[in-house]
Every structure is written in C-alpha cells, then in structure tokens.
Amino acid sequence: MRLPYGCTSKYIAAFFSRRLFTCYFRVWGRRGRCNAAAFMPEAAGFEGVSSRAALQEFSVSNGERFWAAVARHRLSWISPFHTVQDCDLSRGKIKWFEGGKLNVSVNCLDRHVHTCPERVALIWERDERGSEVKYTYRELLELTCRVGNLLRRRGVKRGDCVTIYMPSCPLAVASMLACARIGAAHNVVFAGFSAEALAERIRDAQSSTVITVNQGVRAGKVTELKKTVDKAVQSCPTVQQVFVAMRTEKQVTMTAKDIAMEEEMLKEDVVCEPAAMNSEDVLFLLYTSGSTGKPKGLVHTQAGYLLYAALTHRYVFNYHDGDVFGCMGDIGWITGHTYSVYGPLVNGGTTVLFESTPIYPDPGRYWDMVERLKINQFYGAPTAIRLLLKYGDQWVKTYDRSTLKTLGSVGEPINTEAWEWYHRVVGEGRCPVVDTWWQTETGGICIAPRPSDPDAEIVPGMAMRPFFGIKPVLMDTEDKVLTSNNTSGALCIAQPWPGMARTIHNNHQRFIETYCQPYPGYFFTGDGAYRSVEGYYQITGRLDDVINVSGHRIGTAEIEDAVNQCSAVAESAVIGYSHNIKGQGVYAFVVLKKNVDEQEANLSRQLNNIVSTKIAKYACPDFIQFVQHLPKTRSGKIMRRVLRKVVERDSNGLGDLSTLDDPAAVQEIIQGHLKLLSKQ
Ligand code: AMP
C-alpha cells in the first residue's frame, strides 16, 4: 500500500475503514474454528496457529512473517517497507521495516480523528483532585499541530533534538507528538532531576531547544521548574531558545532566550504538515542509568517502537476500544512514554495522565480516580502498592472499582504480600494482575503473565511468559545457555524485536559493550532471572551496579561520583539494600580525608544536598556510614559484595576475605553499621 504524501488524512481514513471491514469478516468467518484469529486478526493468515500459545511460538519461529503482518495491519504507512528486519545482534545492528515511511503523530492522532474525533484521547488528572481535564482526539491533534508549527517557525528542523522538562500534562504529550510530527527527536527529562542532571542530558543530546513550564505542582507543593532550567541552560552553550508554558498563574522572570509558549501557540494554525519519516529515523532519546557515572541516552526509532507499543498495550492489558487506561508512570520515564502516551494513543485509546502522588490529598487518591474516571486498566508501581497497603483496606473499599479489568505492576519486583493485596483488595479477586518485566532498552513489555488463555494460571510475583516475538534465555557463568527448568542465570533475549533500543546516543561502542558483547549473539538485559519448573520467568534483580529506588533506576557509580565531589570525602562506596516501601534504599559508605574534623551529622546533610543537586532527591542516601577504610582487594577494587552482606546482616555469608587488602576493616564496618542502626 502506498499513500501519497500530503494526502495522508483522507487516504488513511479510507484505508482503515476498508481494513477493519475485511478483518471483521475474516475473523467472523472463522470464529469457532480459529480461536487465535478471533484474538488477533493477523493470525488468520498464519497456518497451523490455533491457540494463543501456538501464536507465541509462531511469532518467535516465524518472526519475519509475524512482524510483517502486524506492522502492515496496525500502522498507517506513507510508503510500505521492503525489508522486515536486517539485524545482527553481535554487531549491535538493528533495523526494522526499512524502506517504510510513516509519521508517528499521524498514527497516534489523525487516523483516530477521522474515525472518532470526539473520543477522549487524554484525561489529565491534575494534582488538584477532582479537577481533571479531558482532551478529545481532535483537540489533541490541534494542540500538537500548533506546537509543531511553532517549533518549525522557530527553526526546529528534522533531525534536531528537543529537550522536554515538564511534568505529566497535555502540553508535554503534545510537545512529544509535535516533535514526532515535524521529524525532530524528543528527549524528555524527568522533572525531578536537578539542574546539573538536566544540563548533562541537554549537552549530551546537543539540544538547542528546551520546553518547560513556569512551575510544577505535585502533592500541593510548587516546584520551580523554570528556575531549574535557567540554571541548567547556563552551562549548555547549544541552547538557543526555551519555551515556557504556564502550569500555574505565577509570572516568572523571562530571559532573552525564553518564549511564552501558549501566547505563541495561539498565532499558529491547527493544521501541521506531517514529515514522512523513515522507519529507522530517531523518535526519541531517553536517558537512563548504567553502571558507570554517565547516564546513557538510549535511542528509539519510529516504526518498530510504535508497533511494539501498540501490540503490548493491546495484548498484555487486554485493552479494548472504549476502555480507559490509567498508567501512573511519569512521562519522564519509559513507562510514561510507552504506556501513557504512545501505546494507548496509537491504539486510539483513552489514557489518563497522572500528575499527583498516591497519597495526596489522602491514601484514597488512586481509587477515587478509578471510580471518577471509570478506569478499566490500572498500571502502577510496587512501591506505591506497598505504601498504600500500610494505610489499610478502607481507603480502597470506599470507592467503586467495578470498572477495573486488569491490574498491572511495573518497574521492580512485586513481593507476594503486595501482589496478594493488589489482587484481593484492589481487584476484588476478579482482575488478572500482570507483573510486567521490561526496561528502557526494551521499549515495551517483554515478559508478563498475559497474553495467555483467559484462564491460564498467574503466579504471584512472577512476570512469567514472554511476549510475542520474545525469546528469553538464561546464561550460566561460563556463558552457556541453560536449557533446563528450575534454574537461574543471566537474562538475555535471543533474537531482536522491533521495540528494542537501537543504540546509545553518540556512543554505539558503549551500546555494543553493554548489551551485545557480554553474550555474543544475544541481547543482555543486565538482570538475573529464575525459570521455574513450569518454564515461567521470575526476575531476581540486577546483575550490575544499578539499583532500583521506588522503581527508578540509578547507578551506584553516579551517586558515588556526586558524593566524592564533597571536598571532605576521600572515597565512597554506594550499595542498594532491601527497603520495605521503596524496594531498594541507598546506603553510602564514606571515607573522609585526613584531618577533616567536621561533625558527621553536618557532613551527612552536606552529602545529601550534593546528591540532590547533582542528581535528584530520590537518589539521596538513606544511610551514610563514615568508615576508616573500604574493603578492597589487593588490586584496589572495592568489594561491594562484602558491604552488601554487612548491610543484610549476613556476617556468615561474607565469604572468603583472604583476598582483602585489610580484613580487619570489615569488623570496623560491621560495628559502625550496628551503631548507625541503633541511632535510627
Ligand atoms: P527502567 O529502564 O528504568 O524501566 O528500569 C528497568 C529495570 O527495572 C529492569 O532492568 C529491572 O531490573 C527492573 N524491573 C522492571 N520491571 C520489573 C519487574 N516486573 N520485575 C522485576 N524487576 C523489574
């Protein structure tokens, strides 16, 4: 199919109504004979596929046919692709749907405007409870077009990268889609990051344009986002202009680079010509922590990412037309990108953008919102579930949750107690709970209990089953594939899939070294996993020095780099430890320089300030222990394994200490740790 560029809307509408019509009859004609085709229309063309399990099998062993069929059916192309995939994992070469041209914003907006312009696309659940704002597909398209035209008028070109530093709000979504519309990449930076962290990301992305708001509002508190941007921009010579939208009424000081966004948008037309993008052009960068101090700008491209977002959103959550999808993730993280924005919108769904916190103004906030907005799929983080569990069932039961059909969990392992509560109390025992495993690098969900047969078992706290096209493998310490069940190993994915990241911005070598070289021919996730007797997967945690605080990834090296910048600090070692609400907490061991005689309490305060200034508040250590020495090997490597055991109070599990430079240091650390705990 070839759609003439410039005639997108009319042709897409005609194409889609024809396509849906034929699909309907194909499915209807075979109903009863082919259960899989009723479930996924494309399966009607896959011979021998008569169950959902067989469909998964087919998607892995006939990947090209599977992905070609879903890509043709679910995306609107300006011109068709000629090659389904051209990948070589060992060299980090990943290309999908080459030859194809499309526009992501047309897929997310225009085609739905033609079929159902007044359908609600976004519900913005503002921080102020009960003041939600709805945007129809028509309104969201208009907003996007105005932003797109404004960016174009101000010189943003195809291939540029625009940094977005905003809370979850419709204008942030419209800004992301506007970038996609005109062919610019976006780089959304979580609005909790400090000026320095923001500046580092702007510089690495080489953005000349930043979009922000005057102030953010969260849990009733105002944050000065524009001031943070002002500070960041001082050390970003590439930045030429900053668009400032108004989240509150407070006027802020505008500099020569600043542009009043809403005012300028009013001058723009509500029609904006979409750029015809190649499948492999960059859609966005998203920075995430790795095991070094420098965050990585993971690159996602157009068609493959969008298709994977569409398919996972539809099938993992069993999303149907007319459902209201509530993902609680902030747009500054990959969860917000894929399941607040791209997945629901490409599927023509209604998505809730949540600006507040689970306990503001009280611990009933989520469930009040479920009742008020009639949410059907609720997607949240274990850290929030654990927190709410402590407030008791009454906050949940006060509200009507009968609209709920699926409950999702994301970002970190969900412990059995939290899983059971989520299932029994929130979901009244009738909603499947899907524990979804994935990461910034994977673009979308890779392992989850659904899709599977409606009555297929779900084991608490397990991600369980690979998604279509995903072939997980476990590796042993000698880099061999573990073939048996009831075993644990390093989690890799054996073949490429369309949603995966393509590279690290400006550093393809680091991409290859991190993901492709540890197990040549496989994509290494950095996580460990257990495969049960039944063949289900359970994620056991990171294998590298990355920790997960309230579902937010942070490299221990990043925190150490910040701590070490304090003039009193000689060196430090940061580890994660098990925290009953946040999943993991941050524990810092700090060695001071000789002759420092400042009080430890003052130093702790200083160190926390440094971490929140250099990175973000969530990265601040929960514990800071000052020690004389760190346990090191004779070659000078810090033995974090020993520190973890001390904090877990597993002194029997300290293992062989004979390789330590100074075994006595461990005793001092154990004593210091106990003293610190006794003060809490
Ligand atoms: P991010 O890229 O920030 O989304 O973080 C991804 C990391 O979060 C993964 O590599 C895992 O370590 C962890 N993670 C995400 N989802 C799950 C899950 N369902 N179970 C266990 N860990 C998870």
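Values in this document were obtained by computation on a predicted structure and should not be read as measured data. (Residues numbered from 1 in each chain as written. Predicted model: local features only at pLDDT ≥ 70, side-chain atom pairs only at ≥ 80, totals over all residues. Heavy atoms only, no water.)

## Some details on the overall build of the chain
When its secondary structure is counted, the chain shows 21 helices and 31 strands. Over its C-alpha atoms the chain spans a radius of gyration of 25 Å, differing by no more than 12% from the 26 Å that the globule rule assigns to 680 residues. C-alpha extents for the chain along the principal axes are approximately 75 × 65 × 55 Å. Among the 680 residues that make up the chain, the fraction classed as buried is 60%. A separation threshold of at least 6 residues defines the contact pool for the chain, and within that pool the share at least 24 residues apart is 70%. Charged side chains of the chain number 78 positive and 71 negative; the gap between the two group centres comes to 3 Å. (Helix = DSSP H or I, 4+ residues; strand = E, 2+ residues; numbered from the N terminus. Rg over C-alpha atoms; globule rule 2.2 N^0.38 Å. Buried < 20%, exposed > 50% of the residue type's maximum accessible area, 1.4 Å probe, protein only. Contact = heavy atoms within 4.5 Å. Lys, Arg positive; Asp, Glu negative; His and termini not counted. Charge placed at Lys NZ, Arg CZ, Asp CG, Glu CD.)

## Digging into a nonpolar patch on the surface
There is a patch of nonpolar side chains on the surface, built from Ile359, Tyr391 and Trp395 and spanning about 260 Å² of accessible area. By the secondary structure assignment, Tyr391 is in helix α14 (residues 382-391). Among the residues examined, Tyr391 registers a relative accessible area of 41% and is labelled partly exposed. (Patch = residues over 30% accessible without salt bridge, like charges linked within 9 Å, V, L, I, M, F, W, Y side chains within 5 Å. Areas by Shrake-Rupley, 256 points an atom, 1.4 Å probe, with all protein chains shown as cover. Salt bridge = Lys/Arg side-chain N within 4 Å of Asp/Glu carboxyl O.)

## What about the nonpolar core?
Grouped together as the largest cluster of nonpolar side chains are 162 residues, with contacts concentrated most on Phe66, Trp67, Phe97, Leu171 and Tyr342. Those residues in contact with Tyr342, other than ones at most four positions away along the chain, are Val104, Cys108, Met176, Leu177, His186, Leu283, Phe284, Tyr305, Leu306, Ala309 and His337. (Core = buried A, V, L, I, M, F, W, Y, C linked by side-chain atoms within 4.5 Å.)

## Observations regarding the site of the ligand
Near the ligand you find 15 residues, and of these Asp435, Thr436, Gln439, Thr440 and Asp527 are the closest. A distance of 2.8 Å is found between an oxygen atom of the ligand and a side-chain nitrogen or oxygen belonging to Arg542. The contact in question runs from an oxygen atom of the ligand to an N or O atom on the side chain of Asn548, over 3.2 Å. When the free accessible area of the ligand is taken as 500 Å², the share hidden by the protein chains comes to 94%. Elements supplying a minimum of two residues to the shell around the ligand: β20 (433-436) and β26 (537-542). (Near = heavy atom within 4 Å. Polar contact = N/O pair within 3.5 Å; in protein donor to acceptor, adjacent residues only side chain to side chain.)

## Regarding the pattern of salt bridges
Applying the stated criterion across every chain yields a total of 42 salt bridges. Note that Glu132 is salt-bridged to Arg372, the shortest N-O span being 2.7 Å. With a gap of 240 residues between them, Glu132 in the loop between β4 (120-125) and β5 (133-136) and Arg372 in helix α13 (residues 365-373) connect regions that are remote in the sequence. Across the pair Lys226 and Asp258 runs a salt bridge whose closest N-O atoms are separated by 2.7 Å.

## Observations concerning the packing of aromatic side chains
As enumerated under the stated definition, the model contains 41 aromatic pairs in all. Ring centres 5.5 Å apart and planes at 80 degrees place the aromatic pair Tyr366 and Trp367 in the edge-to-face group. If you follow Arg52 out to its NZ or CZ, it ends over the ring of Phe39, 4.0 Å from the centre. Sitting over the face of the ring of Trp124, Arg126 holds its NZ or CZ atom 5.3 Å from the ring centroid. (Phe/Tyr/Trp six-rings, centres within 6.5 Å; stacked < 30°, edge-to-face > 60°. Lys NZ or Arg CZ within 6 Å of the ring centre and 35° of its normal.)

## Some words on the packing of helix α5 (residues 104-115) against helix α6 (residues 137-153)
Where α5 contacts α6, the axes come no closer than 9 Å and their chain directions differ by 135 degrees. On the basis of the axis angle, α5 is oblique to α6. Helix-helix and strand crossings are classified by hand; for α5 and α6 the assignment is left-handed. Every residue of α6 that contacts α5 at Cys108, Leu109, Asp110, His112 and Val113 is listed here: Tyr137, Arg138, Leu140, Leu141 and Thr144. (Axes fitted to C-alpha atoms, helices over the stretch in contact; angles between N-to-C directions. Parallel < 35°, antiparallel > 145°, perpendicular 65-115°, else oblique. Left-handed = near helix turned anticlockwise from the far one by under 90°.)

## Considering the pairing of strand β17 (residues 350-354)
In terms of burial, β17 is a largely internal element, 5 of the 5 residues being buried. Relative to β17, β4 runs parallel, the two being bridged by 4 bridges. If you follow Glu125 over to β17, its bridge partner there is Phe354. Here strand β16 (residues 324-327) pairs with β17 via 4 bridges, running parallel. (Pairing = 2+ DSSP bridges.)

## Looking at the pairing of strand β31 (residues 623-627)
Of all 5 residues making up β31, 5 are buried, and the element is well covered by its neighbours. Alternating residues of β31 divide into Phe623, Gln625 and Val627 and Ile624 and Phe626, and every residue in both groups is buried. Taken together, the 5 bridges between strand β30 (residues 583-592) and β31 define a ladder with parallel strand orientation. Bridged to Val591 within β31 is Val627. Following the chain from β30 across helix α19 (residues 600-614) to the adjacent parallel β31, one finds a crossover that is right-handed. (Right-handed = clockwise from strand over helix to strand, strands pointing away.)

## Structural notes on the sheet that holds strand β25 (residues 523-531)
Spatially, the 5 strands line up as an open sheet ordered β22-β21-β23-β25-β26, and their pairing is antiparallel. Edge positions in the open sheet fall to β22 (481-482) and β26, since each of these has one partner strand only. In terms of strand pairing, strand β21 (residues 472-475) meets β22 through 2 bridges, oriented antiparallel. Bridge pairing links Leu474 to Leu482 in β22.

## Digging into the sheet that holds strand β18 (residues 377-380)
Ordered in space as β5-β4-β17-β16-β18-β19-β20, the 7 strands form an open sheet in which the pairing is mixed. Single-partner strands in this sheet number two, and they are β5 and β20. Adjacent strand axes in the sheet meet at a mean angle of 20 degrees, parallel and antiparallel pairs treated alike.

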